[in-house]
Amino acid sequence: MAIDLSTYKQIGSALTVIIEVDEYKSNSNENLSYTSQVLKFTDSLYPLTVDGQLYTALGGLMSVSSTRNELRSSGSSLTLAISGIPTSRMSEIINSKFKGSPVKIHRVVFNPQTYAVLDIAGNPAGRFFGIIDNYSVEESWDQANRTSSLTIAFECTSLQSMLENKLSGRKCNSDSHRAFYPNDPSLDRVTALAGANFDFGAKQ
Amino acid sequence: MSFLDDFLSVGKSAVKFLGGDSIGSSLARTAITAYALNRSISASQKKNNVPQTRTVTKVSRVSLNPNPEHRIPVVYGQATLTGTVTDARQSSGLEMYFCVTICERTGKLTLGQGADSDFSLENVFWNDNRIIFQEDGRTVKGYYDRNNVFNTEIDGLMSIYFFNGSSDSPKLPKGYTSTVPLLSAFNIMPQWDSTWDMSDLVFAVVRINFDTEKNVKGLENIKFTVKNSMTLPGDCLYDIMTNARYGAGLADEEIYLA
């Protein structure tokens, strides 16, 4: 949906990212159980509040790879990188399960003076919807300051690519049926029937 | 010595011979015994008038090969399907029950906000002959063949029970009404109990009585014409996009519904 900016003399825009991690470990202590965590951040210089949600400002520490803008919807992949992560957070990154987490990226238009999101139709606009397929962690060593930091790069696959490769449907076997209805034995005998013979008409 | 004395002396000699240990006496005893036995059997058969013929029992070997990798189809509107046999039970030598899974039960109408989708059994075809039921809507009365001739040779030998989405949802075929209570599938299929729900499956239970003279020897080729109340394109698209069991499994917020 097109955004009408004709009445505005100056605007600012930024990308906002939401990652919903179902199994997140905020501490390296293995005795702590996983928790559900929603990560919200933006490449804006200042924090943004969009639809009541506060996004952490990362500025230049966040980068999103380029994508093609096509008339026809198509599946595409995208790389989302976050740098400058302290090495003390390494265990938190490794122990959390990012793979398979949904990712939503929007482009939001705001007032550059106040950083207030413009209240116009279509704002924010969807940019990318998918899941994290894989991720990598790279350490950068700063010789001058004798410190190191981490850069995490998420490889994201779009929903459309996932749907193109998805096969749905319940099969005529016990495992497939019980995946949806664990207590229903209705299809348990299908495998046993394969190759079975019944003497129809014989005295029993 | 009279002639009677001669008879007695001959008889004594014969008895003495048969009771002896010689080869001749042994052979004589065997021959006499066999002859006596033969005469006894012949007399017995004549008395009972038993015909000397052999009987052969005709048995039909039913083999089922359901494909465990077969994906249960989804029907919008109306379609004719063969279904897949997912269970078979032999209650006696002459009676068998088959559970034939036809298709998935779809979601709610009106973009998921309305009533449940409803399936009806429009027709049943057995060996390409259209089945006609008795008044109870379950017992087969006969069939119309390809020349539209009505044949009643299989009257009472088959029963077909249709279920609309679960074992607890029996339904009569289209055009039939009956005051006889409809039974749940687990009260029809042998060795089923209430846990055999056939959740969200449209299926039929077929009872067949063996009769070689009337050529009823198994399930044969059976097809079901089912009709889904979900027919509108929007409802069908929404259903296939949102259903996690057989569709894309998308969330509502990912679909533009305006």
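Residues numbered from 1 in each chain as written. Chains lettered and ligands numbered in written order. Predicted model: local features only at pLDDT ≥ 70, side-chain atom pairs only at ≥ 80, totals over all residues. Heavy atoms only, no water.

### Section: the overall build of chain B
Operational definition: Only DSSP runs of H or I reaching four residues or more are called helices, and only runs of E reaching two or more are called strands; each is numbered from the N terminus. Residue burial is assigned from relative accessible area. The probe radius is 1.4 Å, only protein chains are included, and a residue is buried under 20% of its type maximum, exposed over 50%, and partly exposed in between. Only heavy atoms matter for contacts: two residues are in contact if any of them lie within 4.5 Å across the pair. The Shrake-Rupley method, run with a 1.4 Å probe, gives the accessible areas here. Residue values count only the displayed protein chains as cover.
When helices and strands are counted, chain B shows four helices and twelve strands. Split into buried and exposed, the 258 residues of chain B put 40% on the buried side. For chain B, long-range pairs separated by at least 24 residues make up 60% of all intrachain contacts whose partners lie at least 6 apart in sequence. With an accessible surface of roughly 14,700 Å², chain B has 53% of that area assigned to carbon and sulfur atoms.

### Examining the sheet that holds strand 5 (residues 62–64) of chain A
Residue and element names in this part refer to chain A. As a reminder of what qualifies: At least two DSSP bridges between two strands are needed for those strands to be called paired. Note on geometry: axes are C-alpha line fits, over the in-contact stretch for helices, and angles between N-to-C directions span 0 to 180 degrees.
Taken in spatial order, the nine strands of this open sheet run 3-4-2-1-7-8-9-6-5, and their pairing is mixed. Every other strand in the sheet has two partners, leaving strand 3 (48–50) and strand 5 as the edge strands with one partner each. On average, each strand axis in the sheet is inclined to that of its neighbour by 35°, with strand direction left out of account. Here strand 1 (residues 12–24) pairs with strand 7 (residues 102–110) via eight bridges, running antiparallel. Across the sheet, the residue bridging to Leu-15 is Arg-107, located in strand 7.

### Things to note about the packing of aromatic side chains
Residue and element names in this part refer to chain A. How we decide: A pair of Phe, Tyr and Trp rings is counted when the ring centres sit within 6.5 Å of each other, with Trp represented by its six-membered ring. The angle between the planes then sorts it: under 30 degrees is stacked, over 60 is edge-to-face, the rest tilted.
Under the counting rule described, the total for this entry stands at ten aromatic pairs over all chains. Between Phe-98 and Tyr-135 the ring centres are 5.5 Å apart and the planes differ by 75°, which places this aromatic pair in the edge-to-face class. One end of the pair, Phe-98, is in the loop between helix 1 (90–95) and strand 7; the other, Tyr-135, is in strand 8 (residues 125–142), with 37 residues separating them in the sequence. On the accessibility criterion, Phe-98 (4% relative accessible area) is buried. Taking the relative accessible area as the measure of exposure, Tyr-135 reaches 22% and is therefore partly exposed. Within the aromatic cluster, the residues linked to one another by ring pairs are Tyr-24, Phe-98, Tyr-135 and Phe-154.

### Points about the nonpolar core
Put simply, the rule reads: Within this scheme, the nonpolar core is defined by two criteria: the residues are buried Ala, Val, Leu, Ile, Met, Phe, Trp, Tyr or Cys, and they are joined through side-chain atoms within 4.5 Å.
Counting 37 residues, the largest nonpolar core has B:Phe98, B:Ile160, B:Val206, B:Phe224 and B:Val226 as the members making the most contacts within it. The greatest single-element share of this core, amounting to five residues, is contributed by strand 4 (residues 95–104) of chain B. Beyond its immediate stretch of four places on either side in the chain, B:Phe98 contacts B:Val62, B:Leu64, B:Val85, B:Asp87, B:Ala88, B:Met189, B:Ala204, B:Val205, B:Val206, B:Ile208 and B:Leu219. Membership of the second largest hydrophobic core comes to 22 residues, among which are A:Leu15, A:Ile105, A:Ile132 and A:Phe154.

### Notes on the interface of chain B and chain A
What counts is decided by this rule: When two parts are put together, the accessible area they lose, computed with a 1.4 Å probe and summed over both, is reported as buried area. We define a salt bridge as a contact between a side-chain nitrogen of Lys or Arg and a carboxyl oxygen of Asp or Glu at a distance within 4 Å. Nonpolar residues are Ala, Val, Leu, Ile, Met, Phe, Trp, Tyr, Cys and Pro. Charged residues are Asp, Glu, Lys and Arg, and all others, Gly as well, are polar.
The partner chain A presents 31 residues to the 50 residues of chain B that form the contact. The junction of chain B with chain A conceals about 3,600 Å² of combined surface from both sides, 56% of it contributed by carbon and sulfur atoms. Joining chain B to chain A, the criterion identifies three salt bridges. A salt bridge links B:Asp87 to A:Arg189, with the shortest nitrogen-to-oxygen separation between them at 2.4 Å. For the side of chain B that touches chain A, the elements supplying multiple residues, two or more each, are strand 1 (60–64), strand 3 (84–92), strand 4 and strand 11 (201–209) of chain B. Looking at which element gives the most residues to the side of chain B that touches chain A, the answer is strand 3 of chain B, with eight residues. Looking at side-chain class alone, the side of chain B that touches chain A contains 19 nonpolar, 18 polar and 13 charged residues.

### Looking at the pattern of salt bridges
Tallied over the full model, the rule gives 16 salt bridges over all chains. Ionic pairing is found between B:Lys174 and B:Glu122, a salt bridge with its closest N-O pair at 3.3 Å. On the criterion of sequence distance, the pair formed by B:Lys174 in the loop between strand 10 (170–171) and strand 11 and B:Glu122 in strand 5 (residues 119–126) is long-range, its members being 52 residues apart. Using a relative accessible area of 52% as the deciding quantity, one classes B:Lys174 as exposed. Overlapping salt bridges, with partners in common, bring together A:Arg170, B:Glu104, B:Arg105, B:Asp200 and B:Arg245 in one network.

### Focus: the side chain of A:Ser176
Residues and elements named next belong to chain A. Heads up, the condition is: Definition of a polar contact: a pair of N or O atoms within 3.5 Å, with one able to donate and the other able to accept a hydrogen when the atoms are protein atoms, and with sequence-neighbouring residues admitted only if both atoms are side-chain atoms.
By secondary structure assignment, the location of Ser-176 is in helix 3 (residues 174–180). Classification of Ser-176 by relative accessible area gives buried; the value is 14%. A distance of 2.8 Å separates a polar atom in the side chain of Ser-176 from the backbone nitrogen of Lys-171.

### As for unusual backbone geometry
The amide bond that connects A:Asn123 to the next residue, A:Pro124, takes the cis arrangement and shows omega of 0°. Structurally, the position occupied by A:Pro124 is in the loop between strand 7 and strand 8. With phi around 65°, B:Asp128 is a residue other than glycine that occupies positive phi space. On the basis of relative accessible area, B:Asp128 is assigned to the partly exposed category, the value being 32%.

### A short note on the pairing of strand 2 (residues 35–42) of chain A
Residue and element names in this part refer to chain A. Sheet analysis places strand 1 next to strand 2, joined by seven bridges and oriented antiparallel. The residue of strand 2 that forms the bridge with Ile-18 is Lys-40. Bridge analysis of strand 2 against strand 4 (residues 53–57) gives two bridges, and the strand direction is parallel. Note that in strand 4 the partner of Phe-41 across the bridge is Thr-56.

Don't take any of this as a statement about function, it's just geometry.
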